[in-house]
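# Per-entry structural report
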Amino acid sequence: MSLSDSNENDGMSGDSLEHSDEPRDGNGEEAGVFVRVAAIVLVLLAGVGSLMGLSMLKKPPAEANVTERSRLVTAIRVEPEDVSVNVTGLGEVHALNVIPISPEVPGTIVEIYPNLEMGETIPKGALLFKIDQRDYLAAKAQAESQVAQIDKTIERIKRQSSIDESRLKTLERSERLMQSDFDRTCELFEKDDVGTRSAVDHAEMSLNQAADAHDQLAQALALYPVQIQEAASGLDGARAQLEMAEANLARTEVRAPFDARIKQVGLEKGQYVTPGTSVLTLADDQVLEISVSLDSRDAKNWLQFDLAENTASSAWFGQLKPVSCRVSWTEDPEHHSWEGTIHRVEKFDQKNRTLNVAIRIQGEDARRSTGGLPLVEGMFCSVSIPGKAMKQVYRLPRWAVTYEGNAYVIRDGRLAIQHVDVVRSEGEETFVQSGLNPGDQVITTRLTNPLPNQLVRVDVPQENDA
């Protein structure tokens with residue numbers, strides 16, 4: 001084909017392009033759409049086929065085995081048991097008897113105990129101090145003289161009474177004789193005309209004198225018992241004065257009423273003292289007591305009262321059983337402990353909801369100690385009092401039960417949360433009354449936000465070979 005033909009063809013092509021906006025035939029347009037759709041489907045099929053071919057060329061990844069992780073815990077297996085309760089409290093030791101010593105008579109101190117110093121011990125009967133006795137010796141001598149004088153007066157009256165009784169008998173005989181003589185003289189003068197009127201009058205006068213003497217003596221004898229009684233009353237008063245003088249003299253010497261420890265001293269030789277002024281304070285360390293304050297609920301639940309000893313008319317607590325208690329010095333409880341006995345209920349404090357009980361320790365027990373120091377007044381001690389027994393309870397570490405009253409137990413290898421009823425906590429232990437079953441494994445590990453039904457495994461400690 002020549003170049004001119006080519007140009008012609010190009011011209012025709014250009015004409016055709018210029019007239020492209022003219023409407024085309026409908027069948028041709030549908031055929032073009034079909035061609036384009038078919039091309040797209042072929043492309044997609046080719047892509048899918050390529051992907052399938054590539055996937056067949058690669059090996060599939062290994063499946064991962066997902067396993068549940070377990071939590072390592074420590075646990076104990078619990079069984080119900082009977083546990084004796086110890087009720088504990090604190091208190092300060094004091095001597096049972098503390099006596100202030102005051103002089104009973106006034107005077108000047110002339111003698112004192114050689115070692116009259118605070119903390120010294122004095123045996124029973126030792127002379128503590130002595131007051132000047134001169135005035136009291138004089139008072140005693142005067143009272144003794146008065147008693148002796150009255151004694152002699154009574155003796156003289158009794159002797160005079162005995163003499164006058166004999167004289168009265170004589171006067172009675174004389175009176176009878178005078179009466180007989182008077183009667184005879186009168187008869188002779190009146191009947192026989194013997195004698196004179198003067199003789200008769202003389203005989204009558206003698207009779208009257210004898211009767212008068214008899215009556216006077218009889219009257220004196222009747223007064224003697226009254227005089228003796230009056231003298232005896234005076235003697236009683238004199239003897240009372242003598243007893244008072246002797247007592248005051250004895251009170252000038254003040255002696256220790258028991259084996260005592262000097263707690264306070266306010267006395268010097270030459271000091272003038274008066275009754276009612278305390279100059280010494282003595283403590284009896286033979287018996288010590290501790291007043292222990294207990295929670296009223298513990299006292300109600302666990303103290304052992306002997307209700308049979310409480311009388312129906314008493315509105316106070318029943319008699320406490322005298323059980324032995326352990327007394328420990330708070331400064332060194334491991335090495336300084338003693339044995340005491342619960343003695344009585346002292347008071348109930350409504351304000352603090354506490355019950356105060358007295359623990360008594362004998363002196364010989366207070367001196368026994370493995371640590372070297374005796375139990376003495378002023379020591380602050382803890383006291384453990386055996387109480388009633390808890391029946392069929394479960395013993396757990398205190399931290400094994402939450403504040404909400406829950407315990408973590410192992411059931412079928414998984415953690416379960418179990419609500420329990422705590423009957424008492426003592427020291428590092430808690431005792432559960434209900435909520436657990438015999439043989440339950442209770443987790444003792446301190447857990448934070450544990451998940452219920454979490455898989456757990458128990459850490460069994462390895463025992464070292466000997």
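Refer to the structure above for everything that follows.
Here's what I pulled together on the structure shown here. (Residues numbered from 1 in each chain as written. Predicted model: local features only at pLDDT ≥ 70, side-chain atom pairs only at ≥ 80, totals over all residues. Heavy atoms only, no water.)

What follows deals with a nonpolar patch on the surface. Taken together, the side chains of V33, V37, V41, L42 and L45 define a hydrophobic patch exposed on the protein surface, amounting to about 450 Å² of accessible area. Within the secondary structure, V33 is located in helix α2 (residues 26-57). For V33, a relative accessible area of 39% gives the class partly exposed. (Patch = residues over 30% accessible without salt bridge, like charges linked within 9 Å, V, L, I, M, F, W, Y side chains within 5 Å. Areas by Shrake-Rupley, 256 points an atom, 1.4 Å probe, with all protein chains shown as cover. Salt bridge = Lys/Arg side-chain N within 4 Å of Asp/Glu carboxyl O. Helix = DSSP H or I, 4+ residues; strand = E, 2+ residues; numbered from the N terminus. Buried < 20%, exposed > 50% of the residue type's maximum accessible area, 1.4 Å probe, protein only.)

With that out of the way, let us pick up the side chain of N406. For N406, the position within the fold is in strand β17 (residues 406-411). Polar contacts involving the side chain of N406 include one to the side chain of H419, which spans 3.3 Å. If sequence neighbours within four positions are ignored, N406 has contacts with A400, V401, I417, Q418 and H419. (Polar contact = N/O pair within 3.5 Å; in protein donor to acceptor, adjacent residues only side chain to side chain. Contact = heavy atoms within 4.5 Å.)

Now for the sheet that holds strand β18 (residues 414-419). If you walk across this open sheet you meet the four strands as β2-β21-β17-β18, and the pairing is antiparallel. Unpaired on one side and paired on the other, β2 (75-77) and β18 mark the two borders of the sheet. Neighbour-to-neighbour, the strand axes of this sheet turn through a mean angle of 40 degrees, independent of strand direction. Sheet topology note: the β17/strand β21 (residues 441-443) ladder contains two bridges and is antiparallel. Looking at the pairing, V409 lines up with V442 of β21. (Pairing = 2+ DSSP bridges. Axes fitted to C-alpha atoms, helices over the stretch in contact; angles between N-to-C directions.)

At a closest axis distance of 7 Å, the pairing of helix α3 (residues 134-191) and helix α4 (residues 197-251) adopts a crossing angle of 165 degrees. Relative to α4, α3 is oriented roughly antiparallel. Once α3 is placed against α4, the crossing between them reads as left-handed. The residue inventory of the contact of α3 with α4, partitioned by class, reads 33 nonpolar, 12 polar and 14 charged. (Parallel < 35°, antiparallel > 145°, perpendicular 65-115°, else oblique. Left-handed = near helix turned anticlockwise from the far one by under 90°. Nonpolar A, V, L, I, M, F, W, Y, C, P; charged D, E, K, R; others polar.)

Although it is not a glycine, D412 adopts a positive phi angle of roughly 55 degrees. With respect to the element layout, D412 can be found in the loop between β17 and β18. Note on D412: relative accessible area 80%, which makes it exposed.

In this section: the pairing of β17. Of all six residues in β17, five are buried, a share of seventy percent or more. The pairing of β17 with β18 spans six bridges and is classified as antiparallel. Bridge assignment links Y408 to a residue of β18, and that residue is I417. What sits between the antiparallel neighbours β17 and β18 is a turn of two residues, in which D412 has the positive phi angle 55 degrees.

The next thing to look at is the pattern of salt bridges. By the definition in use, this model includes 20 salt bridges. We note a salt bridge from R261 to E377, for which the minimum N-O separation is 2.6 Å. With R261 in strand β8 (residues 260-265) and E377 in the loop between α6 (363-366) and β16 (380-397), this residue pair connects regions lying 116 residues apart in the sequence. Using a relative accessible area of 18% as the deciding quantity, one classes R261 as buried. Across the pair K263 and E377 runs a salt bridge, and its minimum N-O distance is 3.1 Å. Taken together, the residues K263 in strand β8 and E377 in the loop between α6 and β16 connect sequence positions 114 residues apart. A relative accessible area of 28% places K263 in the partly exposed class. Classification of E377 as partly exposed rests on a relative accessible area of 22%. Salt bridges sharing common partners tie together R261, K263, D285 and E377.

Worth remembering: the numbers are spatial, not functional.
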